[in-house]
Amino acid sequence: MKKRTAFLTLALALGLTVSLAACGSSKDGGSSDSGSGDKTTSKVANKDKPLVWFNRQPSNSSTGELDMNALSYNDNTYYVGFDAKQGAEVQGTMIKEYIEKNIDKVDRNGDGVIGYVLAIGDVGHNDSIARTRGVRTALGTGVEKDGAVNSEPIGTNADGKATIVQDGTLDVNGKTYKIRELASQEMKNNSGATWDAATAGNAISTWASSLGDQIDVIASNNDGMGMSMFNSWSKENKVPTFGYDANSDAVAAIAEGYGGTISQHADVQAYLTLRVLRNALDGVDVDTGIGTADEAGNVLSEDVYTYKEDERSYYALNVAVTADNYKDFTDSTKVYEPVSKQLDKTKSPEKKVWLDIYNSSDNFLGSTYQPLLEAYDDLMNLDVEYIAGDGQTESNITNRLGNPGEYDAFAINMVKTDNGASYTAILNQ
Ligand code: BGC
């Protein structure tokens, strides 16, 4: 490192043209630089390089059981996401409280039944499952199946006869209302992409034409789908839509009648995603700059994340964003101030990271998460190569992990949560 910097300074002072290739080889030939160097091909075996899974937790998409083989692939493997259960409760409660507070205007046809429709993101994704359960639990419409609230879609249920859900009841101001899930559907498009916003926009039009003013509230597993339904129908019809993610466009829409959303603290998640890699690359304790302040002063407080050692997982905590507080959340791409300080390049030298986003058209990952990652990668001196998937085909992404030897660390966002082994198999080679 030092040798190379001195050489570069001298060369520049002398006005010499320096070829980077020449620099690289001179560095390789050096003896004092044991792997902590600049952007070079790491000598560490691929299977031993730091690996972080994010946003889609390695798990069985039918049972939700965590894939501990993927989560503890090597000593420097972690998952970064958010607390799905806590967030789901916050979302369910936010919707219930809105109904209670606005009871006079919510029941549009005055039939004493509060009808809602639900957009489901991906029936095999544990975040999506948790959110469906959270809404059904808070509104009393959930039905237990195998020890948990059934999270399957119901199709339509105008008459309340579905068995996957039941009618709930809500007492407000001395009157008892029924709450009914009128319809729910997984928003998957014809090519197989899940959490599909356009599909949700079409679904609300179909539902509105058959269910009309029975629809009093719209719940969505995310803002991408929520905003699509808001723009195609709910805004005009003054029906509140509740989403999840606190994307900037959804937060802004609260001023125009969007019911509310949940911040899953993407600013903390994006930081953690890169920070666990950075710490492993620097050979420092994984808690550095997380629970323990680093030299620059970056540190997270316990009210924004938890770490579960047995799951090798970091979970950011969620907050409700409603008409009461949305002005504090208008820019979803702003780095989190307590962890916004630049790392020293001499101690945390530039490293190369391979990172994929499962679906280039995912609203949350594209409009909130990736811009945050791009801000943090500079602060952490990481040279990140961003790979965009099509949301449907895992091999479309794994094919682009053809040369893992060129990278120092990996950050993986799978298409399907079952597919951890498709990535680790490549690193094992
Ligand atoms: C987000 C969704 C997103 C999904 C992608 C979830 O955490 O809330 O908006 O589509 O991640 O995996």
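Everything numeric here is computed off the predicted structure, so don't read it as measured data.

Asks: Kindly report on the pairing of strand β8 (residues 175–186), identifying the contributing residues and their values.
Replies: Note on strand geometry: in a regular strand, side chains alternate between the two faces of the sheet. Both strand β3 (residues 113–120) and β8 contribute to a ladder of eight bridges, which runs parallel. Bridge pairing in β8 places Ile 114 opposite Ile 179. Looking at chain direction, strand β6 (residues 155–156) and β8 are connected through two bridges and run antiparallel. Among the inter-strand pairings, Gly 155 is bridged to a residue of β8, identified as Ser 184. Pairing between strand β7 (residues 168–172) and β8: five bridges, direction antiparallel. By the bridge assignment for β8, Asp 171 is matched with Thr 176. In sequence, β7 turns back onto β8 through a hairpin of two residues, with Asn 173 there showing a positive phi of about 50°.

Asks: Would you mind going over the environment of Phe 410 in detail, with residue names and values included?
Replies: Take Phe 410: it is sitting in strand β17 (residues 409–412). Residue classification places Phe 410 among the buried residues on the basis of a relative accessible area of 0%. Spatially, the C-alpha atoms of Phe 410 and Trp 53 are 8.4 Å apart, while their sequence positions differ by 357 residues. Leave out the neighbours within four places in its chain, and Phe 410 touches Asn 46, Lys 49, Pro 50, Leu 51, Val 52, Leu 277, Trp 354, Leu 401, Pro 404 and Leu 427.

Asks: Any details on the domain arrangement of the protein? Residues and values, ideally.
Replies: Split into domains, the protein comes out as domain 1 (5–79 + 266–316 + 332–428) and domain 2 (103–239). Each partner contributes residues to the interface: domain 1 has twelve residues there, and domain 2 has 13 residues. Roughly 880 Å² is buried in total at the junction of domain 1 and domain 2, and carbon and sulfur atoms are behind 37% of that figure. Considering only the surface of domain 1 that becomes buried against domain 2, Arg 56, Asn 363 and Gln 392 emerge as the three largest contributors, covering 41% of it. Counting across the interface, domain 1 meets domain 2 through zero salt bridges.

Asks: I'd like to hear about the layout of surface pockets, residue by residue, with values.
Replies: A water-sized probe rolled over the atoms picks out the places where empty space is left. Volume-wise, the largest pocket comes out at about 960 Å³. Around the largest pocket, the lining comprises 35 residues; the ones closest to its centre are Lys 85, Asn 126, Ile 129, Ala 130 and Arg 133. Only β2 (77–82), α4 (84–101), α6 (126–139) and β5 (148–149) provide two or more residues apiece to the lining of the largest pocket. The greatest single-element share of the lining of the largest pocket, amounting to eight residues, is contributed by α6. Two domains each put at least three residues into the lining of the largest pocket: domain 1 (5–79 + 266–316 + 332–428) and domain 2 (103–239). Lining the second largest pocket we find 25 residues, and of these Tyr 98, Asn 102, Phe 242, Gly 259 and Ala 323 sit closest to its centre. With four residues, α4 is the single largest residue contributor to the lining of the second largest pocket. Looking at the lining of the second largest pocket residue by residue, the classes come out as eleven nonpolar, five polar and nine charged.

Asks: Please give an account of the sheet that holds β17 that cites residues and values.
Replies: Reading across from one edge, β12-β13-β2-β1-β17-β15-β16 is the order of the seven strands in this open sheet, with mixed pairing throughout. Of all the strands in the sheet, just β12 (305–308) and β16 (382–388) have a single pairing partner and so form its edges. Ignoring strand direction, the axes of neighbouring strands in this sheet form an average angle of 20°. The sheet contact formed by β12 and strand β13 (residues 313–316) spans four bridges and is antiparallel. Counterpart to Tyr 305 in the pairing with β13 is Ala 316.

Asks: Break down the pattern of salt bridges for me, citing the residues and quoting the values.
Replies: Applying the stated criterion across every chain yields a total of eleven salt bridges. Measuring nitrogen to oxygen at the nearest pair gives 3.7 Å for the salt bridge that ties Lys 96 to Glu 100. Of the two residues, Lys 96 and Glu 100 are both situated in helix α4; the distance of four residues between them amounts to about one turn of the helix. Here Lys 145 and Glu 152 are joined by a salt bridge, their closest N and O atoms 3.0 Å apart. Lys 145 sits in the partly exposed class, given a relative accessible area of 42%. Overall, Glu 152 belongs to the partly exposed group, its relative accessible area being 32%.

Asks: How would you sum up the packing of helix α10 (residues 266–282) against helix α11 (residues 363–379)? Please name residues and give values.
Replies: Put simply, α10 and α11 touch, their axes get as near as 9 Å, and they point 50° apart. What the angle tells us is that α10 and α11 run oblique. Considering the relative orientation of α10 and α11, their crossing is right-handed. Residue-level inspection shows Ala 266, Asp 267, Gln 269, Ala 270, Tyr 271, Thr 273 and Leu 274 of α10 in contact with α11, the latter providing Phe 364, Thr 368, Tyr 369, Leu 372, Leu 373, Tyr 376 and Asp 377. When the residues that make up the contact of α10 with α11 are grouped by side-chain class, the tally is nine nonpolar, three polar and two charged.

Cut-offs applied
- Residue numbers run consecutively from 1 along every chain, following the written order of its sequence.
- Totals for whole chains, interfaces and linings use all residues, but because this is a predicted model, local features are given only for residues with pLDDT of at least 70 and pairs of side-chain atoms are given and counted only at 80 or more.
- Side-chain descriptors were evaluated using all non-hydrogen atoms of the structure, hydrogens and water having been removed beforehand.
- Paired strands, in this sense, are two strands between which DSSP finds at least two bridges.
- A run of H or I in DSSP counts as a helix once it spans at least four residues, and a run of E counts as a strand once it spans at least two, with each numbered from the N terminus.
- Burial here depends on accessible area, computed with a 1.4 Å probe over protein chains only, as a share of the maximum for the residue type. Under 20% is buried, over 50% is exposed, and the range in between is partly exposed.
- Residue contacts follow a heavy-atom distance rule, with two residues in contact if any of their heavy atoms lie within 4.5 Å.
- These domain limits were set by an automatic method or by a database of domain assignments.
- Throughout, the accessible surface (probe 1.4 Å) given up by two parts as they are put together, summed over both, is called the buried area.
- What makes a salt bridge here is a side-chain nitrogen of Lys or Arg within 4 Å of a carboxyl oxygen of Asp or Glu, nothing more.
- Method remark: on a 1 Å grid restricted to protein atoms, a set of points is classed as a cavity if a 1.4 Å probe fits but cannot get out and as a pocket if it is open with protein on both sides within 12 Å along at least five of seven lines; lining residues have an atom within 4 Å of a point.
- Grid points are joined across faces, edges and corners, and a volume is the space filled by probe spheres set on the points.
- Only Asp, Glu, Lys and Arg are considered charged, only Ala, Val, Leu, Ile, Met, Phe, Trp, Tyr, Cys and Pro nonpolar, and every remaining residue, Gly among them, polar.
- Only the stretch in contact is used when a helix axis is fitted, and all axes are lines through C-alpha atoms; the angle between N-to-C directions ranges over 0 to 180 degrees.
- Note on terminology: angles under 35 degrees are roughly parallel, angles over 145 are roughly antiparallel, angles of 65 to 115 are roughly perpendicular, and the others are oblique.
- Each crossing gets its hand from how the near helix is turned against the far one by less than a right angle, where anticlockwise is left-handed and clockwise is right-handed.

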